[in-house]
Amino acid sequence: MSAFKKALKLLFVSTPVGPLGTGLGGGVELSLYNIAKQLIRQGHQLQILAPQGSTWDDLPIAEISGNLQVIAQSQERNTPVNMPENPLLGNMWEYARQVQSEYDLIVNLAYDWLPFYLTPFFQTPIAHFVSMGSLSDALDFIIQQVAKQFPGTIGFYTPSQAATFPELTPPLYHLSSGIDLSLYEFCPQPKEQLVWLGRISPEKALEDAIATAQKTNLPLYILGKMQDEAYWEKIRQDYPNARAEYLGFLPTTEMQKVVRECKALLMTPRWVEAFGNVAIEALACGVPVISYARGGPAEIIRDGQTGFLVEPDSVQGLVDAVLSLDKINRYTCRQQAETEFSLEALGLRFEEWFLKILDTRG
Ligand code: HBI
């Protein structure tokens, strides 16, 4: 902590769709873990409110009980906001209301209507980190209201993610992401295999990766949280002969042992991926990333240098990219991770955002 910056007391309120450490919270779980660890290293004090059953290293977690929120991407755009009885989301924010005076700032990581609606009722300022692209009219509307009433309190991963929302009052902050590079080991010489990482859910279009592996006659390793079993079964039926092996949701150190030995990571987002933490995890291992040119990955991958950006939803484009992988220098991939996606850079971006919010508040 430099002399010019005071230590902040921060209350993080996690995503209500699954306990931390289970993978149900998708990319925002990893983001929360990395941001929290780095801000503590920078001398700030943190408390994390998270669902019962959350465990993660030595992170200071207060576990809150209650029923999980339905995941937003399974709803329609015009689905009314819904809350289960004994809602975990409501319970987390009631706890936050009670303890708010002990903190300088509350940081919301839930992609849900309630925290935005509650913002004017709180005395302590709230920073909202929006973790996905626009998915619902109700959320778009309330985010617009908070951006207008509390300018500068809305943060995104990337500009392309922010652009999916209707016009928002500036300033908007783009925090990008970052990972603990020491957990990822560079691999100069891969095996003849491909990998796909992510929650197994329709918006991730795993079927395109399996089709690509089949056309290039390469085995495909699949890692990530099994979010939609029916979707997975349908893929199995559609591709009975695929050389695809599902390895489950592995902790980072185990996951990177598989990823680092692969020729490339395939990313096949059907939606506008807000960021794509899996892309920088692969780069950190020296693994080129081949992705549809949409959303976060299009802002991460240097086309032709650290991977390839492909016409969205074109399996043939993915196949052509796989056949061009010898053009990529794997060390360039690792270097990009080191220069753009280190934890230090991530922590400084969040710290700067938080200090701006507190300065605005005076
Ligand atoms: N859905 N309702 C809801 N709330 C969240 O916080 C949420 C979600 N779906 C997915 C999700 N968060 C995370 O996996 C992404 O933010 C990465």
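Residues numbered from 1 in each chain as written. Predicted model: local features only at pLDDT ≥ 70, side-chain atom pairs only at ≥ 80, totals over all residues. Heavy atoms only, no water.

- The name given to the protein chain in an unreviewed UniProt entry is UDP-glucose--tetrahydrobiopterin glucosyltransferase, with the source organism recorded as Mastigocoleus testarum BC008.

### Describing the packing of aromatic side chains
Move 1: Tallied over the full model, the rule gives 16 aromatic pairs.
Move 2: Considering the side-chain rings of Phe12 and Phe354, the 6.4 Å spacing of their centres and the 70° angle between planes classify their relative orientation as edge-to-face. Remark: Phe354 occurs in helix α13 (residues 343-361) and Phe12 occurs in strand β1 (residues 9-13); sequence separation between them is 342 residues.
Move 3: Seen from their ring centres, Tyr33 and Trp56 are 4.7 Å apart, and the 40° between their planes marks the pair as tilted. Taken together, the positions of Tyr33 in helix α1 (residues 26-41) and Trp56 in the loop between β2 (45-51) and β3 (61-64) put the pair 23 residues apart, joining distant regions of the chain.
Move 4: On the accessibility criterion, Trp56 (22% relative accessible area) is partly exposed. (Phe/Tyr/Trp six-rings, centres within 6.5 Å; stacked < 30°, edge-to-face > 60°. Helix = DSSP H or I, 4+ residues; strand = E, 2+ residues; numbered from the N terminus. Buried < 20%, exposed > 50% of the residue type's maximum accessible area, 1.4 Å probe, protein only.)

### Things to note about the pattern of salt bridges
Move 1: A complete count under the given rule lists 20 salt bridges for this structure.
Move 2: Across the pair Asp58 and Lys37 runs a salt bridge, and its minimum N-O distance is 3.1 Å. Linking Asp58 in the loop between β2 and β3 with Lys37 in helix α1, this pair joins segments that are 21 residues apart in sequence.
Move 3: Among the residues examined, Asp58 registers a relative accessible area of 62% and is labelled exposed.
Move 4: You can call Lys37 buried: its relative accessible area is 17%.
Move 5: Here Arg302 makes a salt bridge to Glu340, at a shortest N to O gap of 2.6 Å. Here Arg302, found in the loop between α10 (296-300) and β13 (307-310), pairs with Glu340, found in helix α12 (residues 330-340); they are 38 residues apart in sequence, far enough to count as distant.
Move 6: One connected set of salt bridges, linked through shared partners, spans Glu207, Asp208, Arg270, Arg294 and Asp313. (Salt bridge = Lys/Arg side-chain N within 4 Å of Asp/Glu carboxyl O.)

### Description of the side chain of Asn277
Move 1: Along the polypeptide, Asn277 turns up in helix α9 (residues 277-284).
Move 2: Polar side-chain contacts of Asn277 include one of 3.1 Å to the backbone oxygen of Gly27.
Move 3: Not counting the four nearest positions on each side in its chain, Asn277 is found in contact with Gly27, Leu30, Ser31, Tyr157 and Ser177. (Polar contact = N/O pair within 3.5 Å; in protein donor to acceptor, adjacent residues only side chain to side chain. Contact = heavy atoms within 4.5 Å.)

### Notes on the domain arrangement of the protein chain
How big an interface is tends to be stated in terms of the accessible area lost upon association of its parts.
Move 1: The domain architecture assigned to the protein chain consists of domain 1 (9-178 + 342-361) and domain 2 (181-340).
Move 2: If you average the C-alpha positions of domain 1 and of domain 2, the two centres end up 27 Å apart.
Move 3: Residue-level contacts link 25 residues of domain 1 with 19 residues of domain 2.
Move 4: Between domain 1 and domain 2 lies a buried interface of about 1700 Å² when both sides are counted; carbon and sulfur atoms form 60% of it.
Move 5: Three residues, Leu30, Gln73 and Ser342, lead the burial of domain 1 against domain 2; their summed loss comes to 25% of the area buried on that side.
Move 6: Counting across the domain 1 and domain 2 interface gives seven residue pairs in polar contact (both at pLDDT 80 or more).
Move 7: Where the side of domain 1 that touches domain 2 is concerned, the elements lending two or more residues are α1 and α5 (159-162).
Move 8: The residue makeup of the side of domain 1 that touches domain 2, split by class, is seven nonpolar, 17 polar and one charged. (Domains from an automatic or database assignment. Buried area = accessible area lost by both parts, 1.4 Å probe. Nonpolar A, V, L, I, M, F, W, Y, C, P; charged D, E, K, R; others polar.)

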